[in-house]
Amino acid sequence: MMRRMRYGAVVLGLVVAACGMRQSGQPADASAGTITPAAPAPGGNAQNTAAAAPAAPAGQAAEPVAFNRAEFDAFLAEVRSEALQKGIKADVVKTALAGVEPVMRIIERDRNQAEFKLTFSTYRDRVITSANVARGQKLRDEQQAILRQVSQRYGVQPRFVLAIWGIETRYGAVKADVPLFHSLATLAFDRRRSAYFRNELFAALTMLDRGYIDFATMKGSWAGAMGQPQFMPSSYLAYAEDFDGDGKRDIWNNRADVFASIANYLAKAGWNTAQTWGREVKVPPALQGRLGEFAREGKSGCRAIDQMTRDMPIAEWERLGVRRTDGGDLPKAQVSGALVQPDGPGGSSFLVYANYRSVLRYNCAHHYALTVSLLADKLGDS
């Protein structure tokens, strides 16, 4: 699913060094939906597993990037040969890869970190504004019929679909227009995350080969994220939906398909419509010093999930002193949750349930997943 890389447009989201890569299949800094200043985020997603390169030390220029023309041409020849072996039609390969050139600024964006790191509260407050909430609620009311149908089919509450749509591309207002094959070929050739982007390059060729999209429309963010949900090509193949039955899985222009594709992604990541995502809580000082005892074991493939505590029943967290932000008791529900502190000890604390992990599968970053969740609470369901 998804961890992220950003095109740098002024929109709802902000990619920060604390973010991961999106489970929607794209690197955490790869989507169009960002407020400047944008920055690559460490981590990986649904299909993203690699971590971003470290930033250059303060005051030191990033390492210059140079391409060897002969090596790039040999790389393209390998891609053409492998594509044909995979059964992709020769005319599709020829059209898609004709004139493909390495784009140096894409490599520079991929390797450079933000000028500064945003705290979660800063990230949240720049995204969850009164204007963004009002716009989302207006669209919620306008699209109520489709959103309800999508919710019934996939079991995902409309407010979460709206929140992801809003953060990714400002409710569809931002249109990424980087030629997809130039960006994917550039990043597939670069050694840093070659295997991941090579797979995405073949997924994009497969999309074209199957007629899911025409060549002229194959544009996206500088790291290959596409359409209003900002899916990477492999995520499109796995999760994009033709909700209205017109024969196209159109995540660029068809809102019904956009909503259904986001909901399908979350549903296949384990979403439970009977639950919400979690809530902000207070952690007592005595427990704060012991949180290391509750570390999660094993590796999930998402760094943000691995940084959470292990899941325990809500009643157990309450016994340990965790309370609502107003000091009240936690809900009397048979639900397990984990603690998340996006800014570390002393910052905000959240008790999150299984659905929160589904959002992290879309984009493995606590800044992103918490902001989606809190925005969804603001938007509400009609």
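Please refer to the structure placed before this passage.
A brief report on the enclosed structure follows. (Residues numbered from 1 in each chain as written. Predicted model: local features only at pLDDT ≥ 70, side-chain atom pairs only at ≥ 80, totals over all residues. Heavy atoms only, no water.)

Describing the pattern of salt bridges
Going by this rule: By convention in these notes, a salt bridge is any Lys or Arg side-chain nitrogen within 4 Å of a carboxyl oxygen on Asp or Glu. We count a stretch as a helix when DSSP gives it H or I for four or more residues in a row; a strand needs E for two or more, and each element gets its number in order from the N terminus.
Scanning all chains against the criterion turns up 16 salt bridges. Close ionic contact of Asp73 with Arg69 constitutes a salt bridge, the shortest N to O distance being 3.3 Å. Taken together, the residues Asp73 and Arg69, both in helix H1 (residues 69-85) and four residues apart, mark about one turn of the helix. Residues joined in a network through salt bridges with shared partners are Arg69, Asp73 and Glu101.

Topic: the state of the cysteines
Our working rule: Any two cysteine sulfur atoms lying within 2.5 Å of each other are counted as a disulfide. Relative accessible area decides the class of each residue, using a 1.4 Å probe on protein chains only: under 20% of the type maximum gives buried, over 50% gives exposed, and in between gives partly exposed.
Tallied over the entire structure, the rule returns one disulfide. There is a disulfide in this structure between Cys302 and Cys364, and the S-S distance comes to 2.0 Å. On the sign convention where negative means left-handed, the S-S torsion of about 95° between Cys302 and Cys364 marks this disulfide as right-handed. In this pair, Cys302 is assigned in the loop between helix H12 (285-288) and helix H13 (303-307) and Cys364 in the loop between helix H15 (354-362) and helix H16 (366-379), connecting sequence segments 62 residues apart. Under the relative-accessibility criterion, Cys364 is labelled buried at 3%.

Digging into H1
The line we're drawing: Helix span, as expected, comes to 1.5 Å for every residue beyond the first. Starting at the helix axis, one direction is taken to each C-beta atom, and the arc is that of these directions. We call two residues in contact when some of their heavy atoms are within 4.5 Å. Under the rule applied, a polar contact is a pair of N or O atoms within 3.5 Å (in protein, one hydrogen donor and one hydrogen acceptor; residues adjacent in sequence only if both atoms are side-chain atoms).
The terminal C-alpha atoms of H1 lie 24 Å apart, and with 17 residues this matches the ideal 24 Å at 1.5 Å per residue to within 8%. Here H1 has its buried residues at Phe72, Phe75, Leu76, Val79 and Ala83. Within H1, the buried residues cover an arc of 100° as seen down the axis, which keeps them to one side. Seen from the buried face of H1, the exposed residues on the opposite side, beyond 90 degrees, are Ala70 and Gln85. Those residues of H1 that are buried are in contact with helix H2 (90-97), helix H8 (180-189) and helix H9 (194-209). The residue sitting at the N-terminus of H1 and contributing the capping side-chain oxygen is Asn68; that oxygen lies 3.0 Å from the backbone nitrogen of Ala70.

Description of the packing of aromatic side chains
Basically, it comes down to this: Aromatic pairs are defined between Phe, Tyr and Trp rings, using the six-membered ring for Trp, whenever the two ring centres lie within 6.5 Å; interplanar angles under 30 degrees are classed as stacked, those over 60 as edge-to-face, and all others as tilted. Comment: the charge-over-ring label is applied if NZ (Lys) or CZ (Arg) is within 6 Å of the ring centre and within 35 degrees of the ring normal.
The final tally for this structure, using the stated rule, is 19 aromatic pairs. Taken together, a centroid distance of 5.2 Å and an interplanar angle of 85° make the contact between Phe72 and Phe189 edge-to-face. A residue pair is termed long-range when its members are at least 10 positions apart, and Phe72 in helix H1 and Phe189 in helix H8 qualify at 117 residues. Residues Phe72 and Phe189 agree in their burial class; the two are buried. Relative to Phe197, the ring of Tyr196 lies with its centre 4.8 Å away and its plane at 80°, an arrangement referred to as edge-to-face. Taking relative accessible area as the criterion, Phe197 reaches 0% and is therefore assigned buried. An aromatic cluster of at least three residues, connected via ring pairs, comprises Phe120, Trp277, Phe350 and Tyr356. Positioned over the ring face of Phe202 is Lys86, at 5.1 Å from the centre of the ring. One cation-aromatic arrangement involves Arg249 over Tyr212; the distance from NZ or CZ to the ring centre is 4.5 Å.

Description of unusual backbone geometry
Here the phi dihedral of Tyr171 falls at roughly 55°; this positive angle occurs in a residue that is not glycine. By the element assignment, Tyr171 lies in the loop between helix H7 (158-169) and strand S3 (178-179). Even without glycine at this site, Gln230 takes up a positive phi of about 55°. Structurally, the position occupied by Gln230 is in the loop between strand S4 (219-220) and helix H10 (233-239).

Quick notes on the nonpolar core
What counts is decided by this rule: Each nonpolar core is a collection of buried residues, namely Ala, Val, Leu, Ile, Met, Phe, Trp, Tyr and Cys, held together in the definition by side-chain atoms within 4.5 Å.
Of all hydrophobic cores here, the largest spans 93 residues; its most connected members are Phe75, Phe181, Tyr356 and Tyr368. Dropping the residues within four chain positions of it, Phe75 is found in contact with Ala185, Ala188, Phe189, Arg198 and Leu201. Met312, Leu330, Val335 and Tyr353 belong to the second-largest nonpolar core, a separate cluster that totals 15 residues.

Focus: the packing of helix H11 (residues 255-268) against H15
Any two packed helices are characterised by the angle at which their axes cross and by the distance between the axes. Just so we agree on the cut-off: Axes here refer to lines fitted to C-alpha atoms; in helices the fit is confined to the stretch in contact. Angles between the N-to-C directions go from 0 to 180 degrees. When describing relative orientation, an angle under 35 degrees is termed roughly parallel and one over 145 degrees roughly antiparallel, while 65 to 115 degrees is termed roughly perpendicular and anything else oblique. Put simply, a crossing is left-handed when the front helix is turned counterclockwise from the back one by less than a right angle, and right-handed when it is turned clockwise. Put simply, Ala, Val, Leu, Ile, Met, Phe, Trp, Tyr, Cys and Pro go in the nonpolar bin, Asp, Glu, Lys and Arg in the charged bin, and everything else, Gly too, in the polar bin.
The contact between H11 and H15 brings their axes to 8 Å, and the two run at 120°. As judged from the angle between their axes, H11 and H15 are oblique. For the crossing formed where H11 meets H15, the hand is right-handed. Taking contact as the criterion, the partners of Ile262, Tyr265 and Leu266 in H11 are, on H15, Ser358, Val359, Arg361 and Tyr362. In the contact of H11 with H15, the residues fall into five nonpolar, one polar and one charged.

A few points about the environment of Thr119
In this structure, Thr119 sits in the loop between helix H3 (104-111) and helix H4 (120-127). On the basis of relative accessible area, Thr119 is assigned to the partly exposed category, the value being 35%. Excluding its chain neighbours within four sequence positions, the residues that come into contact with Thr119 are Asp343 and His367. At 3.2 Å, the side chain of Thr119 and the side chain of Ser121 are in polar contact. For Thr119, the side chain forms a polar contact with the side chain of Thr122, separated by 3.0 Å.

Concerning the environment of Ser373
The topology assignment puts Ser373 in helix H16. For the pair Ser373 and Arg279, spaced 94 residues apart in sequence, the C-alpha separation works out to 9.0 Å. Non-local contacts of Ser373, meaning those with residues more than four positions away in its chain, are made with Phe160, Trp277 and Tyr356.

Honestly, that's just the spatial picture; any functional story needs more than this.
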